[in-house]
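# An overview of the molecular structure
Chain residues, written in single-letter form:
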Amino acid sequence: MAMHQHLKLNQQHQASAESDVAFFGEFKSSQDSSQSHLINSPPPHHLLPPGFVADVILWRRKEVAISALIAVVSAWLVFQVWGYTLLSLFSNVLLLLLSILFLWAKAAQLLNRPPPPVPEIEITEDAVKEAALYLQSILNKLLSAFKSIAHGNDSDLFYASASVLWFLSIIGSFTCFVTAFYICLLVILIVPALYDKYRECIDRCLSLAYTEVLMYERIYERFCFQCYRKVKESIREMVEEDS
């Protein structure tokens, strides 16, 4: 009878150990698949909307990209360093421009010179429709993502959104919104272009870093699994002694 109980306990212990190993193996395989998906991410030009915006961000139109970068740095200097406000800057620049053009036109009339060359500036209907459609697509994607998170349909999207919002809250505690906005613009204009140009080198470095992290992660998981087994065995022994 005692031998039968001993064999039964050994079978239970073996089945429990196999279930523990299967549980940790499934957890590790799912984690590896998700991490490999992150490492094998598509290139930047596949993530950006095709057209003018992607060409500027990836510096395929260098003149426009350089102008945008200079505009961002100049705006930061004007508003943050020199203390101008948007209304005061717009008013002063427009006043200066109109004064120069008005005096130029009056001087041209007195000296029988041609008037200042002011180009015909007109916003076409197609440009407004294109901008509206682009804004509509972005808003629809945000609303769709919000609805998916609110209904609990996409856990990965929730964790990603929570991480981004938490990171933004940390940045907001150290700096103001305007400075963070300028930093984000600089990152958008610099990081994707650098990654697109040096993608192979960056991917190689990320792969090496991922290998190192994975090695330490496996050591940590092995340690946690051993601690889990020891605690489980000690609890089982205490229960068997009490019974």
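Residues numbered from 1 in each chain as written. Predicted model: local features only at pLDDT ≥ 70, side-chain atom pairs only at ≥ 80, totals over all residues. Heavy atoms only, no water.

Under an unreviewed UniProt entry, the name given to the chain is Reticulon-like protein, and the organism recorded is Rhynchospora pubera. Recorded in UniProt for the chain, the comment headed Subcellular location (unreviewed entry) runs: "Endoplasmic reticulum membrane". (UniProt positions renumbered as here; feature names shortened; annotations may be inferred.)

Let us now look at helix H6 (residues 125–150). With 26 residues, H6 ought to run about 38 Å at 1.5 Å a step, and its terminal C-alpha atoms sit 37 Å apart, in line with that. Among the residues trailing H6, Gly 152 stands out with phi positive, at a value near 70°. (Helix = DSSP H or I, 4+ residues; strand = E, 2+ residues; numbered from the N terminus. Expected span 1.5 Å × (residues − 1).)

With a phi angle near 55°, Asn 112 is a residue other than glycine that sits in the positive phi range. For Asn 112, the position within the fold is in the loop between helix H5 (86–110) and H6.

Moving on: the nonpolar core. Within the largest apolar cluster, six residues are counted, these being Val 56, Ala 65, Val 72, Ala 75, Tyr 182 and Leu 189. Elements represented by at least two residues in this core include exactly helix H4 (62–81) and helix H8 (177–197). If one sorts the elements of this core by residue count, H4 sits on top with three residues. For Ala 75, the residues in contact, after removing those within four places along its chain, are Gln 80 and Tyr 182. (Core = buried A, V, L, I, M, F, W, Y, C linked by side-chain atoms within 4.5 Å. Buried < 20%, exposed > 50% of the residue type's maximum accessible area, 1.4 Å probe, protein only. Contact = heavy atoms within 4.5 Å.)

Before going further, it helps to examine the packing of H4 against H8. Direction vectors running N to C along H4 and H8 enclose 165°, while the axes themselves pass 10 Å from each other. Taken together, the axes of H4 and H8 are roughly antiparallel relative to one another. With respect to the hand of their crossing, H4 and H8 are arranged in left-handed fashion. Contacts from Ala 68, Leu 69, Val 72, Val 73, Ala 75, Trp 76, Phe 79 and Gln 80 of H4 reach H8 at Val 178, Thr 179, Tyr 182, Leu 185, Leu 186 and Leu 189. (Axes fitted to C-alpha atoms, helices over the stretch in contact; angles between N-to-C directions. Parallel < 35°, antiparallel > 145°, perpendicular 65-115°, else oblique. Left-handed = near helix turned anticlockwise from the far one by under 90°.)

Another aspect to go through is the pattern of salt bridges. Summed over the entire model, instances satisfying the criterion amount to two salt bridges. The partner of Lys 129 in a salt bridge is Glu 125, and the shortest N-O contact between them spans 3.3 Å. Of the two residues, Lys 129 and Glu 125 both sit in helix H6, four residues apart, roughly one turn of that helix. Overall, Lys 129 belongs to the partly exposed group, its relative accessible area being 46%. You can call Glu 125 exposed: its relative accessible area is 54%. The salt bridge partner of Glu 233 is Arg 229, with a shortest N-O separation of 3.9 Å. Taken as a pair, Glu 233 and Arg 229 lie in helix H9 (residues 199–242) at a separation of four residues, close to a single helical turn. (Salt bridge = Lys/Arg side-chain N within 4 Å of Asp/Glu carboxyl O.)

A few words on the state of the cysteines. By the definition in use, this model includes zero disulfides. Cys 201 takes part in no disulfide bond, and the closest cysteine sulfur, belonging to Cys 205, lies 4.4 Å away. A relative accessible area of 40% means that Cys 201 is categorised as partly exposed. (Disulfide = S-S within 2.5 Å.)

What follows covers the UniProt feature "transmembrane region" (unreviewed entry) in the chain. The positions that UniProt labels "transmembrane region" (unreviewed entry) are, in the present scheme, residues 64–83 and 164–195. With 90% helix and 0% strand, the stretch residues 64–83 has end C-alpha atoms that lie 27 Å from each other. As annotated, residues 164–195 has a helix share of 94% and a strand share of 0%, and its two end C-alpha atoms lie 20 Å apart.

End to end, H4 covers 27 Å across 20 residues, agreeing with the expected 28 Å (1.5 Å per residue, within 8%). Listed in full, the buried residues belonging to H4 are Ala 65, Val 72, Ala 75 and Val 78. The buried residues of H4 all sit within an arc of 160° when viewed along its axis, so they share a single face. Exposed positions of H4 whose direction lies more than 90 degrees from the buried face are Lys 62, Glu 63 and Ile 70. Positive backbone phi, at 80°, marks Gly 83, one or two positions downstream of H4. (Arc of directions from axis to C-beta.)

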